Amino acid sequence: MLFATASVSSSARLVSGCSGSLGCLGRLGLQFDRCSRPWACFVELNRCSRPWACFGELKRRFPFSAAQVWGARGGLKIVISVVFPLVLQRFFENSNFAAICKKRGLHFIGPSSEVIQKMGDKIEARKAMIKAGVPVIPGSEGNVKDLAEAVKISKDIGFPVMIKATNGGGGRGIRRCNNENEVESNYERVISEATKAFGSPEVFIEKCVLNPKHIEVQILADHDNNAIHLFERDCSIQRRNQKLIEIAPSPQLNEEQRTYIGDLAVKASKAVSYQNAGTVEFLLDSENNFYFMEMNTRLQVEHTITENITGVDIVQEQIRIASGLNLRYKQDEIQHRGYSIEFRINAEDPKQEFVPSFGKITRYYAAGGPGVRTDASIYTGYIIPPVSYTHLTLPT
């Protein structure tokens, strides 16, 4: 049985002592659905003396910041887990990729392509949550047709508002507008960002929740629509809509709120027949109202702090669920202990308003010690490419 979370195809074979050149992986490209031997290039992985060098060209064309590859000797029993994809929507949240995996007889470690499509479309996700009785932020009923409609909807909702990419995520394709003039100046800008980042110009409008707390809930669900939550993470400390520090569980919630938001996340999961690991994100306003914001149909980098407080190996559970097994935990068996904090170390220049900073890492010392976990793909001498996420390492 083959499992995949993200990959590209090739008909070449990895060979011992390879140089990491394009020839090693053959003609890489998104030919996954047309290649007759998509996994042949990994047959010799267990005998390769420099297995990571083979990903040099792959990382250039499809830049991943980290990847884990396990190879079984003498066969094609491969599990590929791209932990920090730099263009998330192209793989983990790409419904086409999940559909191609199914077509090729691979078990995609994640939800079905239909669910990825539905929850990746912010409008469809809103409709599903409204139908399920999960509170959503007031906003447009569908995509905005043009600037005139954007202005009208904004006035009806009341300023400030947020213009958002319908297929967006990761803090991109989103602008706050405090008045009509800002709607007019930002509308085309968001469309441009959405088109470049997500391949779709569609946008919608939501009421801007002032001074919100960003709370997300980790869920697990199996093929029989059994679902549980693993408590929440507080992602309120951000810069430019990008998370910087995550805390689990949220120190801002009491037990009643914790139970309520956990139940909401499970309800959201069951409403769309979700399978595998996912994250339901909410905003908490100053009056303690929770609003559904979006659902990430993938494993997030901050899952580590949830593992720390619950003792549940989420990646292992993903693989079990993809294998067809039911959840082995009941909700009352999930307990949280203590707190866990994750810091995102980014390649940014604080002297230049935190613009991305690329180049060679001349010295690197990883965080460590009792109770410290570090997830990273960098090392001394690593060159940060000019087209990359700025995330480098995630000490927890």
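Anyway, here's the lowdown on the structure attached to this text. Computed from a prediction, not measured in an experiment: that's the story for all the values here.

### A closer look at the pattern of salt bridges
Argument step 1. All chains considered together, the criterion is met by 20 salt bridges.
Argument step 2. Residue Glu-216 pairs with Arg-233 through a salt bridge whose shortest N-O separation is 2.8 Å. One end of the pair, Glu-216, is in strand S8 (residues 213-221); the other, Arg-233, is in strand S9 (residues 227-239), and 17 residues separate them in sequence.
Argument step 3. Lys-243 is the salt-bridge partner of Glu-281, the closest N and O atoms lying 3.4 Å from each other. One end of the pair, Glu-281, is in strand S11 (residues 276-284); the other, Lys-243, is in strand S10 (residues 242-248), and 38 residues separate them in sequence. Across the pair, exposure class does not vary: Glu-281 and Lys-243 are buried alike.

### As for the pairing of S9
Argument step 1. Pairing of S8 with S9, which is carried by six bridges, proceeds in the antiparallel orientation. Among the inter-strand pairings, Ala-221 is bridged to a residue of S9, identified as Ala-227.
Argument step 2. Inspection of the sheet shows S9 paired to S10 by four bridges, in the antiparallel sense. Paired with Ile-237 across the two strands is Ile-245, which belongs to S10.
Argument step 3. The loop that links S9 with its antiparallel partner S10 comprises two residues; one of these, Arg-240, has a positive phi angle of about 55°.

### Structural notes on the side chain of Gln-318
Argument step 1. Here Gln-318 shows up in helix H10 (residues 314-322).
Argument step 2. Taking relative accessible area as the criterion, Gln-318 reaches 8% and is therefore assigned buried.
Argument step 3. Not counting residues up to four positions away in its chain, the partners in contact with Gln-318 are Ile-109, Asn-276, Ala-277 and Leu-299.

### Comments concerning a nonpolar patch on the surface
Argument step 1. The grouping of Ile-341, Phe-343 and Ile-345 at the surface amounts to a nonpolar patch, some 240 Å² of accessible area in total.
Argument step 2. You can call Phe-343 partly exposed: its relative accessible area is 39%.

### A word on the nonpolar core
Argument step 1. In this structure, Met-119, Met-129, Phe-282 and Phe-292 are the most contacted members of the largest nonpolar core, which totals 26 residues.
Argument step 2. If you list the elements that add at least two residues to this core, you get helix H4 (113-120), helix H5 (122-132), S8, helix H8 (255-271), S11 and strand S12 (290-296).
Argument step 3. The biggest single contributor to this core is H8, with five residues.
Argument step 4. In terms of nonpolar packing, the next biggest core, distinct from the first, is built from 13 residues, Val-151, Val-161, Val-183 and Val-190 among them.

### Let's talk about the environment of Ile-123
Argument step 1. Relative to the helices and strands, Ile-123 resides in helix H5.
Argument step 2. Put simply, Ile-123 and Thr-166 are 43 residues apart on the chain and 6.6 Å apart in space, counted from C-alpha to C-alpha.
Argument step 3. Residue contacts for Ile-123: discarding those within four places in its chain leaves Ser-140, Glu-141, Gly-142, Asn-143, Thr-166 and Phe-204.

### Quick word on the sheet that holds strand S13 (residues 340-343)
Argument step 1. Pairing within the open sheet is antiparallel, and its six strands lie in the order S12-S11-S8-S9-S10-S13. Edge positions in the sheet fall to S12 and S13, since each of these pairs with one other strand and no more. Across the sheet, the axes of successive neighbouring strands diverge by a mean angle of 30°, strand direction being ignored.
Argument step 2. Pairing analysis gives nine bridges linking S8 to S11, with the strands arranged antiparallel. Of the residues in S11, the one forming a bridge with Lys-213 is Leu-284.
Argument step 3. In the packing of H8 onto the sheet, contacts are made with S8, S9, S11 and S12, and the angle to S9 comes to roughly 110°.

### With respect to the side chain of Glu-302
Argument step 1. Relative to the elements of secondary structure, Glu-302 occurs in the loop between S12 and helix H9 (303-310).
Argument step 2. The class of Glu-302 is buried, set by a relative accessible area of 1%.

Reading the values: rules and limits
Residues numbered from 1 in each chain as written. Predicted model: local features only at pLDDT ≥ 70, side-chain atom pairs only at ≥ 80, totals over all residues. Heavy atoms only, no water. Salt bridge = Lys/Arg side-chain N within 4 Å of Asp/Glu carboxyl O. Helix = DSSP H or I, 4+ residues; strand = E, 2+ residues; numbered from the N terminus. Buried < 20%, exposed > 50% of the residue type's maximum accessible area, 1.4 Å probe, protein only. Pairing = 2+ DSSP bridges. Contact = heavy atoms within 4.5 Å. Patch = residues over 30% accessible without salt bridge, like charges linked within 9 Å, V, L, I, M, F, W, Y side chains within 5 Å. Areas by Shrake-Rupley, 256 points an atom, 1.4 Å probe, with all protein chains shown as cover. Core = buried A, V, L, I, M, F, W, Y, C linked by side-chain atoms within 4.5 Å. Axes fitted to C-alpha atoms, helices over the stretch in contact; angles between N-to-C directions.

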